[in-house]
Amino acid sequence: MEKVHVSELEFASNAGKQVEVDAVITGKGEPLQVPCKFHCSCDGYVITAPGGMKQTYDGCKQCEFYGKGVEKILDVNDPIYYRLIHQSEDRVMATVKRHLTMATPLGNYDGCRQNLLVKTQDVLLVRPVQIAPKVNKLEQNAEDKKVIDESGKEYKEIIAYIVGDHDLSKQSYTLRGSQFSLPMTQKVAFWATEVSANQDMVDNFVLTDPIKVRLLCLIPDNLTVDVLDDRFNKITESVTYGITNIYGYNHQRHALGATLLAYASPKELFFDGQFLPRAALNVLIVGDTGQGKSKLVDNLVSRIGLGMMVNGGAAGRTGLLYNLDSVQNNSRMLRWGVMPLNTGRLVAVDEAQRFKLDEWAEMTRARSEGKIEVNKSKHGEHEMKTRLVFIANPKDVYTSQYKQVAEYVYGIEAAKIMNDQDLRRFDVVVIIAAGDATTEEVNQLKAEQQDIPLVYTSDLIRDWVCWAWSKKYSQRDTFVYRDRAEETIREVSSRLMAKFRADAIPLLIEDTKEKVARLSAAAANLMPVSIDDKVHITPEHVKWVEQWLGSNYTHRSNALDKYAAKQRAITTLSDEEYTVTLEKLSSMKDGIGLDIIQQFEESEIITSLSLANALGIAVSTMQSSYIPPLRDLGLIRSRRGGYSRTPKLVKFIRRLKSI
């Protein structure tokens, strides 16, 4: 039997042929009960003989249905099924009678059909489903905008009808059958009479002694933060030179490191006495065009053969979360997208800046809850515990204009391609700027890499991912917190919030301890203390997370630390700052400093003209003598339409009024 691609099912050359196709089931319709076994009988067709006598037509006596009748079972491949599954109940029996009487002496004559008595004795279970090719990569063709997979063939989803009662809960299947044209639309569909589930590398993975020995190289020599960091650097260096071939300190340590940690993150995580709503890491990599960030992730995914790479344009066409498609008798089928279909796996989404704000919001709900729920014309739920890596170019969230990281004073601002509530759900944000990798690093030759020990090969990384993904994370005893590791997570979270908290870029706020817990569990899988079925999280893993996050967020291309410090300067008000501010306002020219503050108590945004009129001074004097000191004190900032008060000014007013 010939094996074909799902898109090739539409080829005319495959019409009527029995073929085999590997497919993923993306949507399931309601099962249909189609009549397949009948008892048929007939008393004969009455005719008028010469002389006006009524008698049974002689030919009827040779018909197999005459008299007591017979049982008829339709062949599972009989084309009549293609018509029956698209007909209303009252039309089904008429079609069956026409089909059965075609071989009688009178053919499908109306009188013969009307005399035939047909009773349904059994039904065939047929389930309409939507199938798509099993792929590891989806991208959009630049010429015709078609979505293609890694084989270069077009990604298409078609309706298939699976015959029989089968378990359709697996990720992929091999289907055997034939194509046909839907009677009403003439669109191609697939009639599958044989179904077998496929097992991938993770499903078939067994931690054998030889694999366990190979994975021992992941275990650090000593359990200290510095030794863990050294092991992490060796892993990322080996993977860089042996697999991704995208060089540069920021690329290697932070972009590649974050992707490896995403691979290492557990599907579920027991922490602080409960299973977290989300355990799988969500990573965002934002950077300038041409810096190799997409190629880095693409090379890793394709070389180890685990995970899926999706182009943002293709994702918009195929649907990341779900779609509602019309399928049969104007009914709707809920078709799941690549994110829920890859639950328990990893999906990397390139060109994520293409998504609209409402699309980000919908993805955020699904990412936060670990499941996606649809309540529209069709209702459905699907688990979505998917490890996610989003890759994007900087883009102004309001104007949709593309920008460079260098256009931002603080590189972390380039991550604001979505609303704050969507950004806060990311565990790690990496910023890649032009110049992060030097010309010498980019242009180095293989011959110059001879001294790099390529221990962590694609085969070893593949075995490691299979081991990490195959653990039984739903069992709470899978997670072992050693030596007060949970308390260390809280301590580290407090220190990270003190240094990196910025409400305008809310990456490390109240939920920081859950992010640290997820990252610590991932670090424990990437640099384990033992190769077994547990996740051994130690205080050293937690402190290493603090060190690694610190190196990422203090990198010059990111500068979250400096951004957060600036935010604190305009949002916090210490006792000393309050005293200094009060003294400077009281000593301002003409003693009107506090009078200006009074105006901001009444209005959030005020123009220079309004301030000047309220205080009886010239606009030019207001702009030259009074506005600059207020801005220097961090009390106001320029906004469209005038000047707005800062959180620091609000706190000053509250404290001033309490005296």
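Look above for the structure.
Quick caveat, the model's predicted, so the values are computed rather than measured. (Residues numbered from 1 in each chain as written. Predicted model: local features only at pLDDT ≥ 70, side-chain atom pairs only at ≥ 80, totals over all residues. Heavy atoms only, no water.)

K.L.:
Account for the packing of aromatic side chains, naming residues and giving values.
P.N.:
Scanning the entire structure with this criterion turns up 21 aromatic pairs. On the numbers, 6.3 Å between centres and 70° between planes, the contact of W360 with F426 is edge-to-face. Of this pair, W360 sits in helix 10 (residues 357-369) while F426 sits in the loop between helix 11 (420-423) and strand 23 (428-432), and the two are 66 residues apart along the sequence. One exposure class covers both W360 and F426, and it is buried. A centroid spacing of 5.6 Å and a plane angle of 80° characterise the contact between Y410 and Y563, whose relative ring orientation is edge-to-face. On the criterion of sequence distance, the pair formed by Y410 in the loop between strand 22 (387-392) and helix 11 and Y563 in helix 17 (residues 560-571) is long-range, its members being 153 residues apart. Ring pairing ties together the aromatic residues Y81, Y82, Y161, F180 and W191, which thus form one cluster. Against the face of Y408 rests K403, its NZ or CZ located 4.4 Å from the ring centre. The ring of Y578 has R655 sitting right over it, with the charged end atom 4.5 Å from the ring centre. (Phe/Tyr/Trp six-rings, centres within 6.5 Å; stacked < 30°, edge-to-face > 60°. Helix = DSSP H or I, 4+ residues; strand = E, 2+ residues; numbered from the N terminus. Buried < 20%, exposed > 50% of the residue type's maximum accessible area, 1.4 Å probe, protein only. Lys NZ or Arg CZ within 6 Å of the ring centre and 35° of its normal.)

K.L.:
Now, about helix 10: what can you tell me, with residues and values included?
P.N.:
Here helix 10 spans 19 Å end to end across 13 residues, near enough to the 18 Å set by a 1.5 Å rise per residue. When we look at burial in helix 10, the residues that qualify are W360, M363, T364, A366 and R367. Where helix 10 is buried, its residues touch strand 15 (282-287), helix 9 (338-341), strand 20 (371-375), strand 22 and helix 11. (Expected span 1.5 Å × (residues − 1). Contact = heavy atoms within 4.5 Å.)

K.L.:
How would you explain the pattern of salt bridges if you had to name every residue and give the values?
P.N.:
Summed over the entire model, instances satisfying the criterion amount to 37 salt bridges. Ionic pairing is found between K385 and E268, a salt bridge with its closest N-O pair at 3.4 Å. Residue K385 is found in the loop between strand 21 (379-383) and strand 22, and its partner E268 is found in the loop between helix 6 (249-264) and strand 13 (270-271); the two are separated by 117 residues along the sequence. Relative accessible area serves as the criterion here: at 18%, E268 is assigned to the buried category. (Salt bridge = Lys/Arg side-chain N within 4 Å of Asp/Glu carboxyl O.)

K.L.:
Lay out the nonpolar core with the relevant residues and their values.
P.N.:
Ranked by internal contacts, the top residues of the largest apolar core, which has 132 residues, are F390, V429, W464 and W544. Filtering out sequence-adjacent residues up to four positions away, W544 remains in contact with V225, L228, D229, F232, L261, A523 and M527. Within the second largest apolar cluster, 29 residues are counted, among which are V34, V92, Y161 and F180. (Core = buried A, V, L, I, M, F, W, Y, C linked by side-chain atoms within 4.5 Å.)

K.L.:
Please set out the sheet that holds strand 22 residue by residue, giving values where relevant.
P.N.:
The sheet built from 7 strands is open, its strands ordered 9-8-16-19-22-15-23 with mixed pairing. Whereas interior strands pair on both sides, the edge strands pair on one side only; in this sheet they are strand 9 (147-149) and strand 23. Within this sheet the neighbouring strands show an average axis-to-axis angle of 20°, counted without direction. In terms of strand pairing, strand 8 (residues 137-140) meets strand 16 (residues 308-311) through 2 bridges, oriented parallel. If you follow K137 over to strand 16, its bridge partner there is M309. The sheet strands contacting helix 6 are strand 15, strand 19 (346-350), strand 22 and strand 23, and the helix crosses strand 23 at an angle near 150°. Across the face of the sheet, helix 7 (residues 293-304) comes into contact with strand 8, strand 15, strand 16, strand 19 and strand 22 while running at roughly 145° to strand 16. (Pairing = 2+ DSSP bridges. Axes fitted to C-alpha atoms, helices over the stretch in contact; angles between N-to-C directions.)

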